Amino acid sequence: MRFAAILLLALTVTAAHAQDSDSEKEIERYRAMINDPMANPGYLAVDRGEQIWAEKRGSKAASLEGCDLGVGPGVLEGAFAHLPRYFADADQVMDLEQRLLFCMKTVQGLDTKPILTNRFSAPGKASDMEDLVAFIANKSNGMKLQAPLEHPKEKAAYAVGEAMFYRRSAVNDFACATCHGDDGKRIRLQGLPNFSKPNSGAQETMGSWPTYRVSQSALRTMQHRLWDCYRQMRMPVPVYGSEGLTALTVYLAQVGGNAVINVPSIKR
Amino acid sequence: MRILFLLLLAFPAMAQTPEVERVVAATFADAPEAWKSRVTQDETQALCSLRRNEPTKAEAMAIEAREKATVKIPAEIAGSWKKGEDIAQNGRGNQFSDPAGTVAGGNCYACHQMAPAELSYGTLGPSLMHYGKLKDFAPAAAREAYGKVYNAQSVTACSTMPRFGHNGVLSEQQIKDVVAYLFDPASPVNAPVK
């Protein structure tokens with residue numbers, strides 16, 4: 001509890017609000033914990049994900065080890081660093097979550113309905129998707145995020161993602177750019193990274209998802225972050241694993257390109 | 001043909017729009033009937049998106065004229081600054097996580113500094129601290145503020161501020177209350193900085 005409270009403070013309070021030296025020290029201590037696998041609850045998801053990856057499931061009684069995440073069947077190292085990308089077998093650009101759903105169906109013959117129902121974990125109810133993403137993304141730690149932008153469908157997805165970033169709609173007339181279009185802005189006390197051009201803030205973001213969100217006591221993936229931002233935009237619930245969310249992620253992976261991946265991180 | 005060509009010249013990005021709209025529609029394909037209208041854009045949203053909020057002068061004038069036509073400014077603006085403060089602080093409403101029937105707030109503090117004592121404010125909009133006082137509490141300025149909150153783009157085309165009245169987020173009375181929060185001499189917005 002104390003951990004959560006201090007961390008929330010550390011991650012919410014901006015430089016504009018001076019801290020006394022005691023809490024500065026506390027904040028430093030908890031910053032150090034972020035990089036400590038023993039202290040970051042996100043690593044529980046990594047461990048669970050490792051088991052799910054190797055578990056034989058579905059009508060084909062196969063594990064996901066036959067799944068090609070873009071760098072060869074079963075290869076995990078560096079896969080996340082090159083996603084989203086175009087996959088010829090699906091003739092589609094896919095992010096990690098879409099790709100996993102595809103492999104569950106094709107490699108395992110698994111019914112993905114219950115997986116989708118549980119796409120976001122809740123207290124006492126783990127999410128296979130969150131756990132798998134934590135495990136797989138972690139295998140790209142220390143590498144640079146370099147999502148390819150060569151195939152025509154990757155370029156098309158980027159163009160759609162960029163347009164969606166600036167697209168205003170719903171009762172508040174919000175676009176992503178309303179909140180993430182400039183440097184140094186905040187909403188209430190929460191700092192807002194600028195995603196309108198490549199910059200270090202966008203890199204910090206893209207190198208730090210999936211993340212353990214202290215305010216939700218859960219590991220969350222980019223699909224959840226975008227769900228949360230569309231909620232703030234007063235839009236309807238976006239379809240999980242949809243083409244549009246992948247397009248936005250393709251766009252974000254470029255403005256945050258070359259970010260050094262260090263996940264799961266820990267955030268407010 | 002010629003007209004189409006000229007149109008394409010005037011809206012170079014228009015060509016890409018149908019593909020974007022197809023993807024957006026698919027992304028929100030599960031929206032309940034009552035939410036479907038949020039997915040499509042009105043004319044102003046579409047043009048501001050295309051122009052990334054930087055319309056040409058002529059476009060800006062057209063937008064402001066169109067949006068101004070939606071605004072009816074009451075002759076007298078009587079409201080309660082206390083209620084206005086609640087509305088300015090309240091960020092609930094219209095989100096898919098809100099229980100049905102939630103009355104929406106204006107969430108002005110998300111973007112604006114207002115009362116000097118409130119430190120938790122965002123910076124997406126200009127500071128409104130001492131707003132009424134700086135305008136000499138003039139009733140005409142209060143009426144202008146009502147028009148601004150009712151429809152921000154009746155004053156500034158492609159403003160990033162929501163069109164609270166026009167889009168039905170805030171009622172007339174709620175807007176009167178936030179204007180009172182800005183203009184009442186007794187409102188904390190106009191209190192001296194401690």
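Draft legend 1. Examining the packing of aromatic side chains more closely. All chains considered together, the criterion is met by nine aromatic pairs over all chains. Aromatic pair A:Phe120 and A:Tyr240: ring centres 5.9 Å apart, planes at 75°, arrangement edge-to-face. With A:Phe120 in the loop between α5 (113–117) and α6 (128–138) and A:Tyr240 in the loop between α10 (222–232) and α11 (243–255), this pair connects stretches of sequence that are 120 residues apart. Exposure class is identical for A:Phe120 and A:Tyr240. Each is buried. Measuring from centroid to centroid gives 5.8 Å for B:Tyr131 and B:Phe183, while their planes differ by 90°, and the two rings are edge-to-face. Remark: B:Phe183 occurs in helix α8 (residues 172–183) and B:Tyr131 occurs in helix α6 (residues 131–134); sequence separation between them is 52 residues. Members of the aromatic cluster, connected to one another through ring pairs, are A:Phe120, A:Trp227, A:Tyr240 and B:Phe96. Geometry around B:Trp35 places B:Arg38 over its ring, the cationic atom sitting 3.8 Å from the centre.

Draft legend 2. Just the domain arrangement of chain B, in detail. All names here are of chain B. Examined at the domain level, chain B breaks down into domain 1 (2–68) and domain 2 (81–190). Facing the 13 residues of domain 1 at the interface are 13 residues of domain 2. A buried area of about 1,000 Å², summed over both sides, lies between domain 1 and domain 2, and 50% of it is on carbon and sulfur atoms. It is Trp35, Glu64 and Glu67 that lose the most area in domain 1 upon contact with domain 2, and together they represent 45% of the buried surface on that side. Taken together, the links from domain 1 to domain 2 amount to two salt bridges. A salt bridge links Asp42 to Arg163; the nearest nitrogen and oxygen atoms lie 3.0 Å apart. In this structure, the connection of domain 1 to domain 2 is made through six residue pairs in polar contact (both at pLDDT 80 or more).

Draft legend 3. Up close: the confidence of the model for chain A. Per-residue confidence for chain A averages 91 on the pLDDT scale, and 87% of its residues sit at or above 70. Here residues 1–19 of chain A scores under 50 on pLDDT; set against residues more than four positions off or in separate chains, the count is 30 contacts.

Draft legend 4. Highlighting empty space enclosed by the protein. With the rule as written, the count across this model stands at four cavities of 30 Å³ or more. Its boundaries defined by the atoms lining it, the largest cavity holds a volume of some 200 Å³. The set of elements that each furnish at least two residues to the lining of the largest cavity consists of α4 (96–106), α10 and α11 of chain A. A per-class count over the lining of the largest cavity returns 11 nonpolar, three polar and two charged. Looking at the second largest cavity, its volume works out to about 60 Å³. Around the second largest cavity sit A:Met164, A:Arg167, A:Ser169, A:Tyr230, A:Met233, A:Met235, B:Val24 and B:Phe28, which together line it. Tallied by class, residues from the lining of the second largest cavity come to six nonpolar, one polar and one charged.

Draft legend 5. Summary view of the interface of chain B and chain A. On the side of chain A, 38 residues touch chain B, which itself brings 50 residues to the contact. Regarding the contact of chain B and chain A, the summed buried area is about 3,900 Å², with carbon and sulfur atoms giving 56% of it. It is B:Phe28, B:Phe96 and B:Leu124 in chain B that bury the most area against chain A; as a group they hold 18% of the surface buried on that side. Between the two partners, chain B and chain A, sit four salt bridges. On inspection of chain B and its partner chain A, the count reaches 27 residue pairs in polar contact (both at pLDDT 80 or more). Put simply, the parts of the chain that give the side of chain B that touches chain A at least two residues each are α2 (17–27), α3 (43–50) and α5 (81–89) of chain B. Taken together, the residues that form the side of chain B that touches chain A break down as 21 nonpolar, 21 polar and eight charged.

Draft legend 6. Seen up close, the state of the cysteines. All names here are of chain A. Counted according to the given criterion, the structure contains two disulfides over all chains. Each sulfur of the disulfide joining Cys67 and Cys103 lies 2.1 Å from the other. The sign of the 70° torsion about the S-S bond sets the Cys67-Cys103 disulfide as right-handed. Linking Cys67 in the loop between α3 (42–54) and β1 (85–87) with Cys103 in helix α4, this pair joins segments that are 36 residues apart in sequence.

Draft legend 7. Main features of the environment of A:Arg268. Along the polypeptide, A:Arg268 turns up in the segment after β7 (265–267). When the C-alpha positions of A:Arg268 and A:Arg213 are compared, they lie 5.5 Å apart, and in sequence the two are 55 residues distant.

Draft legend 8. Focus on α3(B). Residue and element names in this part refer to chain B. All buried positions along α3 are accounted for by Thr44, Gln45, Leu47, Cys48 and Ser49. The elements touched by buried residues of α3 are α4 (57–68). Its side-chain oxygen 3.1 Å from the backbone nitrogen of Thr44, Asp42 forms the N-cap of α3. Positive phi appears at Arg52, one or two residues downstream of α3, with a value of about 45°.

Draft legend 9. The arrangement of the pattern of salt bridges in detail. A complete count under the given rule lists 19 salt bridges over all chains for this structure. Two residues, A:Arg57 and A:Asp128, come together in a salt bridge whose shortest N-O distance is 2.9 Å. Of this pair, A:Arg57 sits in the loop between α3 and β1 while A:Asp128 is found in helix α6, placing the two residues 71 residues apart along the sequence. Of the residues examined, A:Arg57 reaches a relative accessible area of 16% and is grouped as buried. In this structure, B:Arg163 engages B:Glu67 in a salt bridge whose closest nitrogen and oxygen atoms are separated by 3.1 Å.

The rules behind each value
- Residues numbered from 1 in each chain as written.
- Chains lettered and ligands numbered in written order.
- Predicted model: local features only at pLDDT ≥ 70, side-chain atom pairs only at ≥ 80, totals over all residues.
- Heavy atoms only, no water.
- Phe/Tyr/Trp six-rings, centres within 6.5 Å; stacked < 30°, edge-to-face > 60°.
- Helix = DSSP H or I, 4+ residues; strand = E, 2+ residues; numbered from the N terminus.
- Buried < 20%, exposed > 50% of the residue type's maximum accessible area, 1.4 Å probe, protein only.
- Lys NZ or Arg CZ within 6 Å of the ring centre and 35° of its normal.
- Domains from an automatic or database assignment.
- Contact = heavy atoms within 4.5 Å.
- Buried area = accessible area lost by both parts, 1.4 Å probe.
- Salt bridge = Lys/Arg side-chain N within 4 Å of Asp/Glu carboxyl O.
- Polar contact = N/O pair within 3.5 Å; in protein donor to acceptor, adjacent residues only side chain to side chain.
- pLDDT = per-residue confidence, 0-100.
- 1 Å grid on protein atoms, 1.4 Å probe; cavity = no way out; pocket = protein on both sides within 12 Å on 5 of 7 lines; lining within 4 Å.
- Points joined across faces, edges and corners; volume = space filled by probe spheres on them.
- Nonpolar A, V, L, I, M, F, W, Y, C, P; charged D, E, K, R; others polar.
- Disulfide = S-S within 2.5 Å.

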